[in-house]
Amino acid sequence: MKDLLDGLDLINDPDVLESLSHDDAEWAPYGKALGAVRPRTTADVQKVVAACAARNIPIVPRGAGTGLSGGANAVDGAMILDLSKMNRIVEIDAENMTATVQPGVVNDDLKRAVAEHGLWYPPDPASAPWSTIGGNVSTNAGGLCCLKYGVTRDYVLGLEAVVGGPAGDYGTVVRLGRRTTKGVSGYDLAGLFTGSEGTFGVLTEITLRLRPARREAPKTVVGAFSSVVVAGEAVAAITRAGLLPAALELLDRTCLRAVEEWKHLGLEADAAALLLAQLDTPGDEEATAVAEVFRAAGAMWAEQSTDEIEAEALFAARRLAYPALERLSPVLTEDICVPRSRVPEMLAAIEEIAARHGATIATIAHAGDGNLHPLILAPAGDEPAKRAAQGAFEDMLTAAIAMGGTVTGEHGVGLLKREGMKQELSPAVLAMQIAVKQTLDPLNLFNPGKVIG
């Protein structure tokens, strides 16, 4: 195998290989990889895929490893394809408002690059300072601004991928999608690959839609609530009022305190929950309306932030909540999504489930679109706490499905959500999913064991 990959950046060091063998999903299992390689070009990826196919060696693509479902975890005997060195911005086409990038480009790096051209790439997962575009596309990542501006899939115009199966020998390069604003020539294969978690092939280039940069800094409205359920009622009230913030985020007291103890941002965590609304409509009318809805829904107080530093600190706290809690304890992260009108009910269910299992659960959420991230803490080595966390995790999946929701809004299925997906989808739909995988990857070479199991 080594001779076939001569000239590539091969990794055999056990410690480095170990670090590349899993993502950030605390309790997702992972196997012992055969090795890892860091390609820099599409031709490098072709070479690796062809060599692995000839020996029936599984391929596990990965980016920065910020995933939270085990989607980038190694299986025994796999070759890890670390795409982090494929980090070139190939083109920024300001006239047509598109960017073409390699998969290892970091989300925030792309944002900064296109901003120099007066453009904006909206998808902004909380991991945007570290996560890569390839990983964002593979999981169809969402983020804080997806309430108003959509998720990654809404910005993917075209893809280049190294595939096998019906396209030809494993190692064949295909281009999917388009570069035009509109196009319906054939099935939407670029859309199919977006969110496929590396199970159909390896993404090597991505063409993204951009938007004009916002003309003025967004305004921030903060509401403090006596409970997360009351905060959830305010979220539902925002929807009923016909208001559409760019972002509407929830943080509970546990998250705020964890961030403040770590980063000392000057946050006050007296309330049980905060709602953070970001508004980018010109003028103050929308911000005033959101504050009024917060108060009418039972906020202890609600104000528009006039201090940009304070507003930045609050949204920084939202992004830092997960790593701040991870410093304190292993964290099992949920990613359920329910209809927006059911957010209060789901928040109440989370509290009931935590009490029933004796589990410690902190909650953050892209509350405006119903995407909740309960964070279940269990101290290392505490087996009863771990069992309680796993029981609570499964019960939350069941509750979300019962409310017409889904088991994953943006983190992906990976390993942790396979059983939940089987509970959510009908046998007929699951059979269709399996058939697509078997057709596009008949050797089951690409990221085996993920999503459909």
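Above: the structure in question.
As the structure is a computational prediction, the values presented were derived from the model and not from experiment.

Caption draft 1: Representation of the overall build of the protein. If you tally the helices and strands in the protein, you get 14 helices and 19 strands. At 22 Å, the protein has a C-alpha radius of gyration in line with the 22 Å of a compact globule built from 453 residues. Over its C-alpha atoms, taken along the principal directions, the protein stretches across nearly 65 × 55 × 45 Å. Relative to its 453 residues, the protein shows a buried fraction of 56%.

Caption draft 2: Local environment of the packing of aromatic side chains. This structure, assessed with the given rule, holds five aromatic pairs. Judged by centre distance (4.8 Å) and plane angle (75°), the rings of Trp-120 and Tyr-149 are edge-to-face. Here Tyr-149 lies in helix α5 (residues 146-149) and Trp-120 lies in strand β7 (residues 119-120), a separation of 29 residues in the sequence. Each member of the pair, Trp-120 as well as Tyr-149, carries the same accessibility label: buried. Judged by centre distance (6.0 Å) and plane angle (80°), the rings of Tyr-121 and Tyr-155 are edge-to-face.

Caption draft 3: Examining the sheet that holds strand β5 (residues 89-93) more closely. With antiparallel pairing, the five strands of this open sheet are ordered in space as β5-β6-β10-β8-β9. Here the strands that pair on one side only, and so sit at the sheet edges, are β5 and β9 (172-177). Ignoring strand direction, the axes of neighbouring strands in this sheet form an average angle of 10°. Packed on one face of the sheet, helix α2 (residues 42-54) meets β8 (156-163), β9 and β10 (202-209) and runs near 40° to β8. Set on the sheet, helix α3 (residues 107-115) makes contact with β5, β6 (98-101) and β10; between it and β5 the angle comes to about 40°.

Caption draft 4: Seen up close, the side chain of Ser-69. Counting through the fold element by element, Ser-69 comes out in the loop between β3 (59-62) and β4 (79-82). Those residues in contact with Ser-69, other than ones at most four positions away along the chain, are Asp-23, Ala-25, Ala-28, Glu-197, His-411, Gly-412, Val-413, Gly-414, Leu-415 and Leu-416.

Caption draft 5: Structural detail: helix α14 (residues 427-440). A rise of 1.5 Å per residue sets the reference length of α14, with its 14 residues, at 20 Å; its end C-alpha atoms lie 20 Å apart and thus fit the reference within 8%. All of the buried residues along α14 are Leu-430, Lys-437 and Leu-440. Along the axis of α14, the buried positions cluster into a sector of 105°, meaning they face one direction only. Facing away from the buried side of α14, by more than 90 degrees, are the exposed residues Pro-427, Ala-428, Met-432 and Gln-438.

Caption draft 6: Region of interest: the pattern of salt bridges. Tallied over the entire structure, the rule returns 16 salt bridges. A salt bridge links Asp-280 to Arg-214; the nearest nitrogen and oxygen atoms lie 3.0 Å apart. Taken together, the positions of Asp-280 in the loop between β14 (273-279) and α9 (285-296) and Arg-214 in the loop between β11 (211-212) and β12 (219-225) put the pair 66 residues apart, joining distant regions of the chain. For Arg-214, a relative accessible area of 29% corresponds to the partly exposed category. A single network of salt bridges, built from pairs that share partners, joins Lys-148, Arg-214 and Asp-280.

Caption draft 7: Seen up close, the nonpolar core. Counting 57 residues, the largest nonpolar core has Leu-275, Phe-294, Met-346, Ile-376 and Met-396 as its most contacted members. Not counting residues within four places of it along the chain, the set of residues in contact with Ile-376 comprises Pro-330, Val-331, Leu-332, Ala-359, Thr-360, Ile-361, Ala-389, Ala-392, Phe-393 and Met-396. Core analysis: the next-biggest nonpolar cluster, separate from the first, contains 29 residues, Leu-256, Ala-313, Leu-314 and Phe-315 among them.

Caption draft 8: Spotlight on unusual backbone geometry. Notably, Asn-140 is not glycine yet its phi reads approximately 50°, a positive angle. By the secondary structure assignment, Asn-140 is in the loop between α4 (133-139) and α5. Accessibility expressed as a relative area gives 13% for Asn-140, which makes it buried. One non-glycine residue with positive phi stands out, namely Asn-447, at about 45°. Of note, Asn-447 is situated in the segment after α14. Residue Asn-447 is classed as buried on the basis of its relative accessible area of 1%.

Caption draft 9: The arrangement of the sheet that holds β4 in detail. Taken together, the four strands give an open sheet; going across it, the order is β1-β2-β4-β3, and neighbouring strands pair in mixed fashion. Of all the strands in the sheet, just β1 (9-11) and β3 have a single pairing partner and so form its edges. Recorded for the sheet is a direction-independent mean angle of 25° between the axes of neighbouring strands. Sheet analysis places β3 next to β4, joined by four bridges and oriented parallel. Opposite Arg-62, over in β4, you have Asp-82 as the bridge partner. Strands in contact with α2 are β2 (35-38), β3 and β4; relative to β4, the strand with the most contacts, it is inclined by about 170°.

Caption draft 10: Examining a negative patch on the surface more closely. Taken together, the side chains of Glu-268, Asp-270, Asp-307, Glu-308, Glu-310 and Glu-312 make up a negatively charged region of the molecular surface. Relative to the helices and strands, Asp-270 resides in the loop between α8 (253-263) and β14.

Caption draft 11: How the structure looks around the packing of α8 against helix α10 (residues 308-326). The N-to-C vectors of α8 and α10 enclose an angle of 85°; their axes lie 8 Å apart at closest approach. Put simply, α8 runs roughly perpendicular to α10. For the pair α8 and α10, contact is made by Thr-254, Cys-255, Ala-258, Val-259, Trp-262 and Lys-263 and by Ala-317, Leu-320, Ala-321, Pro-323, Ala-324 and Leu-325, respectively. Here the contact of α8 with α10 is built from residues that sort into ten nonpolar, one polar and one charged.

About the criteria used
Residues numbered from 1 in each chain as written. Predicted model: local features only at pLDDT ≥ 70, side-chain atom pairs only at ≥ 80, totals over all residues. Heavy atoms only, no water. Helix = DSSP H or I, 4+ residues; strand = E, 2+ residues; numbered from the N terminus. Rg over C-alpha atoms; globule rule 2.2 N^0.38 Å. Buried < 20%, exposed > 50% of the residue type's maximum accessible area, 1.4 Å probe, protein only. Phe/Tyr/Trp six-rings, centres within 6.5 Å; stacked < 30°, edge-to-face > 60°. Pairing = 2+ DSSP bridges. Axes fitted to C-alpha atoms, helices over the stretch in contact; angles between N-to-C directions. Contact = heavy atoms within 4.5 Å. Expected span 1.5 Å × (residues − 1). Arc of directions from axis to C-beta. Salt bridge = Lys/Arg side-chain N within 4 Å of Asp/Glu carboxyl O. Core = buried A, V, L, I, M, F, W, Y, C linked by side-chain atoms within 4.5 Å. Patch = residues over 30% accessible without salt bridge, like charges linked within 9 Å, V, L, I, M, F, W, Y side chains within 5 Å. Areas by Shrake-Rupley, 256 points an atom, 1.4 Å probe, with all protein chains shown as cover. Lys, Arg positive; Asp, Glu negative; His and termini not counted. Charge placed at Lys NZ, Arg CZ, Asp CG, Glu CD. Parallel < 35°, antiparallel > 145°, perpendicular 65-115°, else oblique. Nonpolar A, V, L, I, M, F, W, Y, C, P; charged D, E, K, R; others polar.

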